[in-house]
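# Structural features, examined
Here are the chains, one letter per residue:
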Amino acid sequence: MTYQDFIPQAYSNTVESGKVTWQSPSNIALVKYWGKKEHQIPANPSISFTLDHCKTTTTLEFSKRSSAIKENEAFDFDFYFEGKRKEDFKPKIATFFKRVVQYCPYLKEYHLEISSENSFPHSSGIASSASGMSALALCLMSLEKEIDQEISEEFFNKKASFLARLGSGSACRSIEGELIEWGEHDDLKESSDLFGIKYPYTVHEVFDHYQDTILLVDKGQKQVSSSVGHNLMHGHPFAEARFEQAHDNLNKLKPILESGDLVSFMNLVESEALTLHAMMMSSNPYFILMKPNTMEIINKIWEFREQTKLPICFTLDAGANVHVLYPKKDKAKILEFIKNELVAYCENGQYICDQIGKGAKKL
Ligand code: PMV
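Residues numbered from 1 in each chain as written. Predicted model: local features only at pLDDT ≥ 70, side-chain atom pairs only at ≥ 80, totals over all residues. Heavy atoms only, no water.

### Some remarks on the domain arrangement of the protein
To be explicit about the condition: The split of the chain into domains comes from an automatic or database domain assignment. In what follows, a contact means two residues having at least one pair of non-hydrogen atoms within 4.5 Å. The quantity reported as buried area is the accessible area (1.4 Å probe) lost by two parts once they are put together, taken as the sum for both. Salt bridges, as used here, are contacts in which a Lys or Arg side-chain nitrogen is within 4 Å of a carboxyl oxygen on Asp or Glu. Whenever two N or O atoms come within 3.5 Å, that pair is a polar contact, provided that in protein one can donate a hydrogen and the other can accept it, and provided that, for residues adjacent in sequence, both atoms are side-chain atoms. Only DSSP runs of H or I with at least four residues qualify as helices, and only runs of E with at least two residues qualify as strands; both kinds are numbered from the N terminus onward. Only Asp, Glu, Lys and Arg are considered charged, only Ala, Val, Leu, Ile, Met, Phe, Trp, Tyr, Cys and Pro nonpolar, and every remaining residue, Gly among them, polar.
One can read the domain layout of the protein as domain 1 (3-201) and domain 2 (205-355). Each partner contributes to the interface: domain 1 provides 33 residues, whereas domain 2 provides 44 residues. Carbon and sulfur atoms supply 68% of the area that domain 1 and domain 2 bury against each other, a total of about 3,200 Å² over both sides. Across the contact surface, domain 1 and domain 2 share one salt bridge. Linking Asp 187 and Lys 254 is a salt bridge whose minimum nitrogen-to-oxygen distance equals 3.5 Å. Put simply, domain 1 and domain 2 have 13 residue pairs in polar contact (both at pLDDT 80 or more) between them. Going through the elements one at a time, strand S1 (17-31), strand S4 (46-64) and strand S8 (179-182) are the ones with two or more residues in the side of domain 1 that touches domain 2. Partitioned by chemical class, the residues of the side of domain 1 that touches domain 2 number 18 nonpolar, nine polar and six charged.

Shown next as structure tokens:
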């Protein structure tokens, strides 16, 4: 599919007003996306587990204006976060609308009221852009479906992912579950830089309900945003090797996911997490998002794994928090270890128990 396929033809229906609510989850990458080209095209393919509990619920109320907004006129919308009007979030949404309006021309014809809330604590350091942008993209697609009832479920999800990507790259992996791949990759014929696809190959049952306990090490604002970080991959001395490595790691992951070889899985996932942070540390300007407690936790996980031989590993996103990954059957023992040994390194002892999920839901 190409960009052209997402530009709608004339609509079959007119709708005066309506309301729709979507609940969309966050996701955690196993092979990381870091570095992008223009129009949110990833520099390398990535794959993630869709999460289940960390999610954003967004309601979109739409009512038709007497006339469409004109060229250069601002989009007509209000934004509420957790019940309160939020002016400071509006520029991000306005930028998103500007990027998607050629694919969603109906945006000009409506007044929109957008209300959002997150299931995870506000400013927990958990990035809400994936869940937030995917929830908003899904709401737009529900509006589109009302004015063009021909849309198939498959196209609905693809275009939701396509739009979410334009809001925040990794958000395109939050529409469906349980494993989503995004970015062109030789071994995945259906793969695309434009949207995420469901991982099409066999996945061993050990990954059913795989657990992700998120340890909230630092709830503060990140010093370097991910868009700045992505851009620092331009001219990065290790960029090409890193992009190639991501392709290789996706190849390597296929037999690992099929056989349930957790030793190789843990090796690949931890290496990806550390490589992501190594790219940050070796860019110019360089930066470090891990905190001393991130390192303490990683070392404790390695020690515990060595002693018990339990399949526990970590991954990181662009921050200090640690995602602890492990199979459901080992939950009791590993959660006890987390509570006894790791929670002490979390800010205010906060952590979130999550697991692999099936994707967004319309409420
Ligand atoms: O979607 P963005 O632009 O916030 O980038 C997210 C990048 C990582 O979370 C670090 C990796 C990934 O693939 O999710």
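### Quick word on the environment of Ile 151
Among the structural elements, Ile 151 can be located in the loop between helix H2 (129-147) and helix H3 (153-167). Separated by 187 residues in the primary sequence, Ile 151 and Ile 338 have C-alpha atoms spaced 46 Å apart. Sequence-distant contacts of Ile 151, defined by excluding residues within four places in its chain, comprise Met 141, Glu 144, Lys 145 and Phe 156.

### Re H3
Quick reminder of the rule: An expected span of 1.5 Å times one less than the residue number is assigned to each helix. Think of it in three bands: residues with accessible area under 20% of the maximum for their type are buried, residues over 50% are exposed, and the middle band is partly exposed, with areas taken using a 1.4 Å probe on protein chains only.
Under the 1.5 Å per step criterion, the end-to-end length of H3 is 21 Å for 15 residues, consistent within 8% with the ideal 21 Å. Within H3, 12 of the 15 residues are buried, which leaves the element mostly enclosed by the surrounding structure.

### What about the packing of aromatic side chains?
Each aromatic ring pair is specified by the distance between its two centres and by the angle formed by the two planes. Note the cut-off: To pair, rings of Phe, Tyr and Trp, with the six-membered ring standing in for Trp, must have centres within 6.5 Å; the planes then decide the type, stacked if under 30 degrees apart, edge-to-face if over 60, and tilted in the middle.
Scanning all chains against the criterion turns up 23 aromatic pairs. Residues Tyr 33 and Trp 182 carry aromatic rings whose centres are separated by 4.6 Å and whose planes lie at 70° to one another, so their mutual orientation is edge-to-face. Here the residue Tyr 33 occupies a position in the loop between S1 and strand S2 (36-37), and Trp 182 occupies one in strand S8, the gap between them amounting to 149 residues. A relative accessible area of 9% means that Tyr 33 is categorised as buried. Since its relative accessible area comes to 0%, Trp 182 is described here as buried. Among the aromatic residues, those joined into a cluster by ring pairs are Tyr 3, Phe 6, Tyr 103, Phe 155, Phe 162 and Phe 195.

### Re the site of the ligand
Here is the rule: We define proximity as follows: a residue is near a molecule or strand when any one of its heavy atoms falls within 4 Å of that partner. We get accessible surface area from the Shrake-Rupley algorithm with a probe of 1.4 Å; when it comes to residues, only the shown protein chains can shield them.
Of all residues adjacent to the ligand, which total 13 residues, the nearest are Tyr 33, Ser 170, Arg 173, Ser 226 and His 230. One nitrogen or oxygen atom from the side chain of Ser 170 is found 2.7 Å from an oxygen atom belonging to the ligand. Relative to its unbound accessible surface of 390 Å², the ligand loses 90% to contact with the protein. Considering only residue class, the shell around the ligand consists of five nonpolar, five polar and three charged. No fewer than three residues from each of domain 1 (3-201) and domain 2 (205-355) sit in the shell around the ligand.

### Some remarks on the packing of helix H6 (residues 262-281) against helix H7 (residues 292-308)
Heads up, the condition is: Fitted lines through C-alpha atoms serve as axes, helices being fitted only where they are in contact, and the angles separating the N-to-C directions of these axes extend from 0 to 180 degrees. Throughout this description, any angle smaller than 35 degrees is read as roughly parallel, any larger than 145 degrees as roughly antiparallel, any in the 65 to 115 degree range as roughly perpendicular, and the remainder as oblique. Less than a right angle of anticlockwise turn of the near helix away from the far helix marks a crossing as left-handed, whereas a clockwise turn marks it as right-handed.
It is the contact of H6 with H7, at a shortest axis distance of 14 Å, that shows an interaxial angle of 165°. Relative to H7, the element H6 is oriented roughly antiparallel. Crossing handedness for the pair H6 and H7: left-handed. For the pair formed by H6 and H7, the contact residues are Met 266, Glu 270 and Leu 274 on the first element and Ile 298, Trp 302 and Arg 305 on the second. Residue composition of the contact of H6 with H7, by class: four nonpolar, no polar and two charged.

### Concerning the pattern of salt bridges
A complete count under the given rule lists 13 salt bridges for this structure. Residue Arg 65 is joined to Asp 76 by a salt bridge in which the shortest nitrogen-to-oxygen separation is 3.0 Å. Taken together, the residues Arg 65 in the loop between S4 and strand S5 (77-81) and Asp 76 in the loop between S4 and S5 connect sequence positions 11 residues apart. The exposure class assigned to Arg 65 is partly exposed, which follows from its relative accessible area of 24%. For Asp 76, a relative accessible area of 23% translates into the label partly exposed. One continuous salt-bridge network, built from bridges that share partners, spans Asp 78, Arg 85 and Glu 87.

### Topic: the sheet that holds strand S11 (residues 313-316)
Applicable threshold: For two strands to be treated as a pair, DSSP must find no fewer than two bridges joining them.
A sheet is described by the order of its strands in space; here four strands give the open sequence S11-S12-S10-S13, paired in antiparallel fashion. One side of each edge strand has no neighbouring strand; the edge strands of this open sheet are S11 and strand S13 (351-355). Strand-to-strand twist of the sheet, defined as the mean angle between neighbouring strand axes without regard to direction, takes the value 25°. With five bridges connecting them, strand S10 (residues 211-215) and S13 associate as antiparallel partners. By the bridge assignment for S13, Gln 211 is matched with Gln 355.

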